[in-house]
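Now for the letters of each chain:
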Amino acid sequence: HGYTKQTLGAGGSLNDAVALPQGESCAGWVAVHAIDFYNDVSTIWAVMAEDPYLDSFRPGEGFPSGVEYRWSEGSGRDA
């Protein structure tokens, strides 16, 4: 929490950082930030996908103990 406040710049308020600026279109603001979010996630995924350590796990392995991995086969029901 403290690190987040330090990296937000002036004020350090998370609410202020994500507030819709006055006079800004809500749809436009969401579109720009959705694209930024997608680009950030894509960058993180690209870095993780190249990590050779991750290749040492079979699908479904590598989770901390107590974590249950679930997926859907497209039927709309949890597996």
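It should be emphasised that the depicted structure is a prediction, and the values quoted were computed from it without experimental measurement.

A.B. asks: Looking at this structure, I do not really get the overall build of the protein. What am I missing?
C.D. replies: What the protein contains, in helices and strands, is three helices and zero strands. Written out in order from the N terminus, the α and β elements of the protein read α-α-α. Residue burial in the protein is summarised as follows: out of 79 residues, 3% are buried.

A.B. asks: Looking at this structure, how should I read the environment of V18?
C.D. replies: Mapped onto the secondary structure, V18 falls in the loop between α2 (14–17) and α3 (26–49). The class of V18 is partly exposed, set by a relative accessible area of 47%.

A.B. asks: Mind showing me how you'd approach α3 here?
C.D. replies: Turn by turn, an α-helix covers 3.6 residues, leaving residues three or four places apart pointing in a common direction. In this model α3 runs 34 Å from its N-terminal to its C-terminal C-alpha over 24 residues, within 8% of the 34 Å that 1.5 Å per residue would give. Capping the start of α3 is the job of one residue whose side-chain oxygen sits 3.4 Å from the backbone nitrogen of A27: S25.

A.B. asks: What am I meant to see in a nonpolar patch on the surface here?
C.D. replies: Residues I44, W45, M48, Y53, L54 and F57 make up a contiguous nonpolar surface patch of roughly 650 Å² in combined accessible area. As for its position among the elements, M48 is in helix α3. Overall, M48 belongs to the partly exposed group, its relative accessible area being 40%.

Scoring rules and cut-offs
Residues numbered from 1 in each chain as written. Predicted model: local features only at pLDDT ≥ 70, side-chain atom pairs only at ≥ 80, totals over all residues. Heavy atoms only, no water. Helix = DSSP H or I, 4+ residues; strand = E, 2+ residues; numbered from the N terminus. Buried < 20%, exposed > 50% of the residue type's maximum accessible area, 1.4 Å probe, protein only. Expected span 1.5 Å × (residues − 1). Polar contact = N/O pair within 3.5 Å; in protein donor to acceptor, adjacent residues only side chain to side chain. Patch = residues over 30% accessible without salt bridge, like charges linked within 9 Å, V, L, I, M, F, W, Y side chains within 5 Å. Areas by Shrake-Rupley, 256 points an atom, 1.4 Å probe, with all protein chains shown as cover. Salt bridge = Lys/Arg side-chain N within 4 Å of Asp/Glu carboxyl O.

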